[in-house]
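Listed below are the residues making up each chain.
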Amino acid sequence: MVRLKEVVEAEEGEVYDIELEADLLEANRRLAEKNRELLQRYDVKAIDIMGAIGSGKTSLIEKMVQALTGKYRIAAFKGDLTTTIDAERIERHGAKTVTITTGKECHLDANLVGKALQRLDLKEIDLLLIENVGNLICPAEFPLGADQRAVVVSVTEGPYMVIKHPFIFIDADVVAINKMDLADAMGVDMKKLASDVKRTNPKAKVALTNCRSGEGVKEVIDALQL
Ligand code: MG
Ligand code: ZN
């Protein structure tokens, strides 16, 4: 095979955490199923919202809470390494919010979400919006027990975010391509990003958004059938 550049590739078993990983992922899947059963028992819809740092996950959640309060009783989980800044932003709009601080962990897992579920009175909630830790890589491997998964990707992350991170998009039900107001300034073609998503996962529904102004958020809500 001809390579244009030198590439160092990890061989099978060479990445240090790989043996740990198989057990860990299986344990996570079992706990995710428990979360799913619990949420179904109380008729709570849950959405796992993933995306890179600064892509606009919190802004999307704020706008969704604004639009859907009245239709649903909403709670939010906010995964963060250490702070409660995002939770405070979401709570201002009236949703009960639980911060899940992960320390150094770069994704939420089903165990942490299960613990956070114990903090909610699920009888009082119809919709749970879960903001994952800002990361486009490992959240894909850790299902949480949510009904649907959404990914936010913004034009300020550049033109290759989708094709560079296929796994998170393969699993996504809905993808918001955010910061549409900055697309021209960034020289990023939103249609190209949208077609990259469709090529990676033809079943994903794509919405173009500006989550700061709220433009396109209704399309996300419709795509999630909320
Ligand atoms: Mg955030
Ligand atoms: Zn991680």
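The preceding data block contains the structure.
## Re the overall build of the protein
- Within the protein one finds nine helices and seven strands.
- A compact globule built from 226 residues should have a C-alpha radius of gyration of about 17 Å, and the protein, at 18 Å, falls within 12% of that.
- With the C-alpha coordinates aligned to their principal axes, the bounding extent of the protein is approximately 60 × 45 × 30 Å.
- Within the protein, buried positions represent 48% of all 226 residues.

## Points about the coordination of the zinc ion (ligand 2)
- Surrounding the zinc ion (ligand 2) are the protein donor atoms Cys106 (SG), His107 (ND1) and Cys138 (SG), which sit 1.9 to 2.2 Å from the metal.
- Of note, the zinc ion (ligand 2) draws all its donor residues from one chain, in the sequence arrangement C-H-x30-C. Of this pair, cysteine 106 sits in the loop between strand E3 (96–101) and helix H4 (110–117) while cysteine 138 sits in the loop between strand E4 (127–131) and strand E5 (148–154), and the two are 32 residues apart along the sequence.
- In this structure cysteine 106 comes out as partly exposed when scored by relative accessible area, which is 33%.

## Comments concerning the layout of surface pockets
- By volume, the largest pocket amounts to about 320 Å³.
- The wall of the largest pocket is formed by 23 residues, among which Ile53, Gly54, Ser55, Gly56 and Lys57 lie closest to the centre.
- When residues of the lining of the largest pocket are traced back to their parent elements, those giving at least two are helix H2 (57–68), strand E2 (74–80) and helix H3 (85–91).
- Here the residues of the lining of the largest pocket are counted per class, giving four nonpolar, ten polar and nine charged.

## Considerations on the coordination of the magnesium ion (ligand 1)
- Those donors, Thr58 (OG1), Asp86 (OD) and Glu131 (OE), are the protein atoms that reach the magnesium ion (ligand 1), and they lie 2.0 to 2.2 Å from it.
- Taken in sequence order, the residues that donate to the magnesium ion (ligand 1) follow the motif T-x27-D-x44-E. Of the two residues, threonine 58 is situated in helix H2 and glutamate 131 in strand E4; the sequence distance between them amounts to 73 residues.

## Topic: H2
- Between its first and last C-alpha atoms H2 spans 16 Å; for twelve residues at 1.5 Å apiece the expected length is 16 Å, and the two agree.
- Across the twelve residues that make up H2, a large majority, nine, are buried.
- Taken together, the buried positions of H2 are occupied by Lys57, Thr58, Ser59, Leu60, Ile61, Glu62, Met64, Val65 and Leu68.
- Looking at the packing, one finds that the buried side of H2 touches strand E1 (45–51), E2, H3, E4, E5 and helix H9 (217–223).
- Remark: glycine 70 follows H2 within two positions and exhibits a positive phi of approximately 105 degrees.

## Brief notes about unusual backbone geometry
- Unusually for a residue other than glycine, lysine 179 sits at a positive phi of about 65 degrees.
- Its location among the elements puts lysine 179 in the loop between strand E6 (174–178) and helix H7 (183–186).

Each value, and the rule that gives it
Going along each chain's sequence as written, the residues are numbered from 1 onward. Each chain gets a letter, beginning with A, and each ligand a number, beginning with 1, in the order they are written. Side-chain atom pairs in this predicted model are given and counted only at pLDDT of 80 or more, local residue features only at pLDDT of at least 70, and totals for whole chains, interfaces and linings cover all residues. Derived side-chain values reflect all non-hydrogen atoms in the structure, with water molecules and hydrogen atoms excluded from consideration. Under the scheme used here, helices are H or I runs from DSSP no shorter than 4 residues and strands are E runs no shorter than 2 residues, and both carry numbers assigned from the N terminus. For the radius of gyration, the atoms used are the C-alpha atoms, and the globule rule reads 2.2 Å times the number of residues raised to 0.38. When accessible area is computed with a 1.4 Å probe and restricted to protein chains, residues below 20% of their type maximum are described as buried, those above 50% as exposed, and intermediate ones as partly exposed. Distances decide who is a donor: an N, O or S atom must be within 2.8 Å of the metal, or within 3.2 Å for Na, K and Ca. Water is not included, so sites may look incomplete. In this analysis the probe radius is 1.4 Å and the grid spacing 1 Å, with only protein atoms considered; a cavity is a set of points the probe fits into but cannot get out of, a pocket is an open set with protein on both sides within 12 Å along at least five of seven lines, and lining residues have an atom within 4 Å of a point. Grid points are joined across faces, edges and corners, and a volume is the space filled by probe spheres set on the points. Residues were grouped as follows: Ala, Val, Leu, Ile, Met, Phe, Trp, Tyr, Cys and Pro as nonpolar; Asp, Glu, Lys and Arg as charged; and all remaining residues, including Gly, as polar. Given a helix with a known number of residues, its expected span is that number minus one, times 1.5 Å. Residues are treated as being in contact if the distance between any of their heavy atoms lies within 4.5 Å.

Any link to function would need more than the numbers given here.
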